[in-house]
Amino acid sequence: MYRFLLSRQWVILTLVALALIPTMIELGFWQLHRHEHKVALNKVIADSLTATPVPAESLTSPGATVTHKNLYRRVTAKGTFNPAREVVVRRRTNADGEVGYHVLTPFVLDDGKVLMVNRGWIPANGAQTDFPRIPAPAQGETTVTGRLMPDETTAESGIKNVRGLPDRQVMLIGSEQQARRLGKQVLGGYIELTSPAPKGGGPELLPDPEHSDIGPHMAYAVQWWLFSAGVPFGWFVLARREARERRAAAEQPTEEPAPATA
């Protein structure tokens, strides 16, 4: 009764089902790993934001890569802003979704090294080919505090590093790129400024990163695993139904032809 399973149609259906099961299981584990990564990242962010600030040069140095465990770690530095050499980062949004720029200003430390400081967001206040008007930073020797961030990459951010931009405009924040531009030793990564607060309508400080939402990844993982379990169940139901229909058709009495009339 189940010889129909050897038909071309059922062989293809069975092979598709056998391919779907491990694929869906793997997709479930992929979502599980994303969930675990999100939970771990949230913990890193929460721990970093509540930790006591430490000197920036204790966690990064020229050419160094900011490690995952130091992501968003609060750091301090003493030095002087150099607004004459600052750049803006294009196509950045604020909390309300408005498109503008991030202001990236060199901060010259007492030892001559440079720490790149993202002073916050400003609206696009002119043509994109023109350098925007930017409120000046604090003057003279200043102590800044901010969240330590790694250099941005296209792979991590999804932002294409467009070439040929107007002068003093960039798409991604990269310490090596800024070191070449400034001709100075620049600490790896950069900081998102948290203090001192801007005065006189300065750049809008960037908000603390969200670190309480774990996202839907665990729910997606469970869904994929349920789908993988549903495939063999569905295959079994279809096979039983076709077998039942074939058996009913075989048991259907065959009508005898009517006798011929003279």
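Details of the structure are given in the entry above.
Residues numbered from 1 in each chain as written. Predicted model: local features only at pLDDT ≥ 70, side-chain atom pairs only at ≥ 80, totals over all residues. Heavy atoms only, no water.

Undergrad: So what exactly am I meant to see when it comes to helix α3 (residues 175-182) here?
TA: Owing to its 3.6 residues per turn, the α-helix brings residues three or four apart onto one side. Looking only at α3, the buried set comprises Ser175, Gln178 and Leu182. On an axial view of α3, the arc spanned by its buried residues comes to 60°, and they lie on one face. In α3, the exposed positions angled more than 90 degrees off the buried face are occupied by Glu176 and Arg180. The elements touched by buried residues of α3 are β3 (87-93), β4 (99-109), β5 (114-123) and β7 (169-170). Once α3 finishes, Gly183 follows within two positions and takes phi at roughly 70°, a positive value. (Buried < 20%, exposed > 50% of the residue type's maximum accessible area, 1.4 Å probe, protein only. Helix = DSSP H or I, 4+ residues; strand = E, 2+ residues; numbered from the N terminus. Arc of directions from axis to C-beta. Contact = heavy atoms within 4.5 Å.)

Undergrad: Hey, could you run me through the packing of helix α1 (residues 8-50) against helix α4 (residues 217-251) in this one?
TA: Contact pair α1 / α4: the axes reach a minimum separation of 6 Å and the direction vectors enclose 165°. By the angle between their directions, the pair α1 and α4 is classed as roughly antiparallel. Considering the relative orientation of α1 and α4, their crossing is left-handed. Among the residues forming the contact of α1 with α4, the class breakdown is 21 nonpolar, 6 polar and 2 charged. (Axes fitted to C-alpha atoms, helices over the stretch in contact; angles between N-to-C directions. Parallel < 35°, antiparallel > 145°, perpendicular 65-115°, else oblique. Left-handed = near helix turned anticlockwise from the far one by under 90°. Nonpolar A, V, L, I, M, F, W, Y, C, P; charged D, E, K, R; others polar.)

Undergrad: Could you clarify how one ought to interpret the environment of Phe4 in this entry?
TA: Within the secondary structure, Phe4 is located in the segment before α1. Residue Phe4 is classed as buried on the basis of its relative accessible area, which comes to 6%. Spatially, the C-alpha atoms of Phe4 and Ser212 are 54 Å apart, while their sequence positions differ by 208 residues. Once you skip the residues sitting within four places of it in the chain, Phe4 turns out to touch Trp10, Ala239, Glu242, Ala243 and Arg246.

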